[in-house]
Amino acid sequence: MVATYQEVRDRRVQRRLVITNEASRRIGTTLDTVRTAEELAEVGADGFADLATVDILDSVLQDGDQLPPADSPVLRRVAQRSVLEGCPDSPVDTDERHVYAAESAPAEVLATGRPLLLRLAASDAPSWLASPGPPRFGFHSVLLLPLYARGTTLGLAQFVRHRTSTPFDDDDLLLT
């Protein structure tokens, strides 16, 4: 039993090392914010998550240095990648502006600057994650990460699992 646990743990550690190495190689090849977001989404959906999205505060994209309003800031989905062709599992299109409800988990992450790990009932995806209508994708695990530059929150990255059966765990937060 202990040997099996060690083996599973070793595989997880090895997987995280591979992901970290790949991310450091593929993300940040340019100073362009949108291209870096695209790289993050590409790496995120390449064996780590089933859906990876990157939302940047619209005020950052517009003015560069302007701080977002304190209530419900407007974000723009600048990148997303899915294991499904065309990202049908994302309720927001690339380059679309949107707002998260003040009481939502993404708004909490933007406000606090702290990452958040959510485990969901596959049939009960929150409105900010699911498209209108009946649940279609079986979302069960979400990792929400604030994005920073020079001490300023720029936006939010979301990593979602719906095809991969293993949920994110606390160790996945170490990748942030």
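These numbers were taken from a predicted model, which means no experiment stands behind them. (Residues numbered from 1 in each chain as written. Predicted model: local features only at pLDDT ≥ 70, side-chain atom pairs only at ≥ 80, totals over all residues. Heavy atoms only, no water.)

Section: the nonpolar core
Phase 1: Counting 40 residues, the largest nonpolar core has Val 54, Leu 118, Trp 128, Val 142, Leu 144 and Phe 159 as its most contacted members.
Phase 2: Of all the elements in the fold, those that place two or more residues in this core are helix 2 (33–44), strand 1 (51–57), strand 2 (74–82), helix 4 (105–112), strand 4 (116–119), strand 5 (141–149) and strand 6 (152–161).
Phase 3: In this structure, Leu 144 is in contact with Ala 105, Pro 106, Val 109, Pro 115, Leu 116, Leu 118, Trp 128, Leu 156, Ala 157 and Gln 158, ignoring residues within four places of it in sequence. (Core = buried A, V, L, I, M, F, W, Y, C linked by side-chain atoms within 4.5 Å. Buried < 20%, exposed > 50% of the residue type's maximum accessible area, 1.4 Å probe, protein only. Helix = DSSP H or I, 4+ residues; strand = E, 2+ residues; numbered from the N terminus. Contact = heavy atoms within 4.5 Å.)

Let's talk about the pattern of salt bridges
Once the charged atoms of two side chains with opposite charge are near each other, the side chains can pair.
Phase 1: A full pass over the atoms with the stated rule returns 8 salt bridges.
Phase 2: A salt bridge links Glu 42 to Arg 35; the nearest nitrogen and oxygen atoms lie 3.3 Å apart.
Phase 3: Accessibility expressed as a relative area gives 30% for Arg 35, which makes it partly exposed.
Phase 4: Here Arg 77 ties to Asp 55 by a salt bridge, and the two come within 2.4 Å at their closest N and O atoms. A residue pair is termed long-range when its members are at least 10 positions apart, and Arg 77 in strand 2 and Asp 55 in strand 1 qualify at 22 residues.
Phase 5: Taken together, the shared-partner salt bridges connect Arg 35, Glu 38, Glu 39, Glu 42 and Arg 81 into one network. (Salt bridge = Lys/Arg side-chain N within 4 Å of Asp/Glu carboxyl O.)

Topic: the environment of Ala 41
Phase 1: If you trace the backbone, Ala 41 turns up in helix 2.
Phase 2: Under the relative-accessibility criterion, Ala 41 is labelled buried at 2%.
Phase 3: Once the C-alpha coordinates of Ala 41 and Gln 158 are considered, the two residues, 117 residues apart in sequence, prove to be 8.9 Å apart.
Phase 4: Look past the residues within four positions of Ala 41 in its chain and what remains in contact with it is Ala 52, Val 54, Ala 79, Gln 80 and Arg 81.

Things to note about the sheet that holds strand 3 (residues 97–99)
Phase 1: Spatially, the 6 strands line up as an open sheet ordered 3-2-1-6-5-4, and their pairing is antiparallel. Edge positions in the sheet fall to strand 3 and strand 4, since each of these pairs with one other strand and no more. In this sheet, neighbouring strand axes are inclined to one another by 30 degrees on average, regardless of whether the strands run parallel or antiparallel.
Phase 2: Summarising the sheet, strand 5 and strand 6 pair through 9 bridges and their orientation is antiparallel. Looking across to strand 6, one finds that Leu 143 is bridged to Phe 159. (Pairing = 2+ DSSP bridges. Axes fitted to C-alpha atoms, helices over the stretch in contact; angles between N-to-C directions.)

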